[in-house]
Amino acid sequence: GAVVSQHPSRVICKSGTSVKIECRSLDFQATTMFWYRQFPKQSLMLMATSNEGSKATYEQGVEKDKFLINHASLTLSTLTVTSAHPEDSSFYICSAGLAGGAREQFFGPGTRLTVL
Amino acid sequence: KQEVTQIPAALSVPEGENLVLNCSFTDSAIYNLQWFRQDPGKGLTSLLLIQSSQREQTSGRLNASLDKSSGRSTLYIAASQPGDSATYLCAVRSAGGSTLGRLYFGRGTQLTVWP
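Residues numbered from 1 in each chain as written. Chains lettered and ligands numbered in written order. Predicted model: local features only at pLDDT ≥ 70, side-chain atom pairs only at ≥ 80, totals over all residues. Heavy atoms only, no water.

A. Highlighting the interface of chain B and chain A. With 21 residues of chain B at the interface, the matching set in chain A holds 19 residues. Buried surface at the junction of chain B and chain A, both sides included, amounts to about 1,500 Å², of which 51% is carbon and sulfur. The largest share of the area that chain B buries against chain A comes from R102(B), F105(B) and R107(B), three residues that together contribute 30% of it. R102(B) is paired through a salt bridge with E59(A); the nearest N and O atoms lie 2.5 Å apart. Seen at the junction of chain B and chain A, the total is 7 residue pairs in polar contact (both at pLDDT 80 or more). (Contact = heavy atoms within 4.5 Å. Buried area = accessible area lost by both parts, 1.4 Å probe. Salt bridge = Lys/Arg side-chain N within 4 Å of Asp/Glu carboxyl O. Polar contact = N/O pair within 3.5 Å; in protein donor to acceptor, adjacent residues only side chain to side chain.)

Here you go:
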């Protein structure tokens, strides 16, 4: 089956620093990648959708200048949390899908971000 | 806007019981519905995917049904085991307009099966 990896799996950083999270599709080419955020005991909330080679589409309420998304290739998307603050501490999960928005997405294992 | 609700929020049962987890959604314009399992601090594992034209899907001890017109899905777990303990998430994939393909998640049902 389709495999999606994320790196790092866990990161702890000081307030004010920037953190980059990588999402890779290992055995298929993902034209679309999605970034979700999940707070404890809450549902997954879509942050943004990115298509390879174009700018990401952010959901309402998600600051595009704070959460920088780059989808430079068909197998790699990155999420950079700039000037992280404690309220950005969360579980970030990416997913990757094939061409055509209605197709199944395959999820990565998630990244636990803790900002001190 | 699509809203997905899962009931109950938490469930604790002894090993061996047959379980029913419920999911409801407000907009029937869906492409498919998917059930996931999430272990603590981990990502999502896809369990079953039901296309909008289907009524049910089965995998081992799991059976998921879909009634699109009434906006409901149920996940049946037969002969539960301690290893089934996890959070179960329901998600619907939108079939409509600008939200085509977008997944909407419920908050999940946290299941504990004790020996």
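B. Seen up close, the pattern of salt bridges. All told, the structure shown has 5 salt bridges over all chains when counted by the stated rule. A salt bridge links D88(A) to K66(A), with the nearest nitrogen and oxygen atoms 2.9 Å apart. Here the residue D88(A) occupies a position in the loop between β8 (76-81) and β9 (90-97), and K66(A) occupies one in the loop between β6 (57-58) and β7 (67-73), the gap between them amounting to 22 residues. Just as D88(A) is buried, K66(A) falls in that class too. Across the pair R37(B) and D39(B) runs a salt bridge, and its minimum N-O distance is 3.0 Å. Relative accessible area serves as the criterion here: at 17%, R37(B) is assigned to the buried category. Taking the relative accessible area as the measure of exposure, D39(B) reaches 27% and is therefore partly exposed. (Helix = DSSP H or I, 4+ residues; strand = E, 2+ residues; numbered from the N terminus. Buried < 20%, exposed > 50% of the residue type's maximum accessible area, 1.4 Å probe, protein only.)

Shape is all these values report; function is a separate question.
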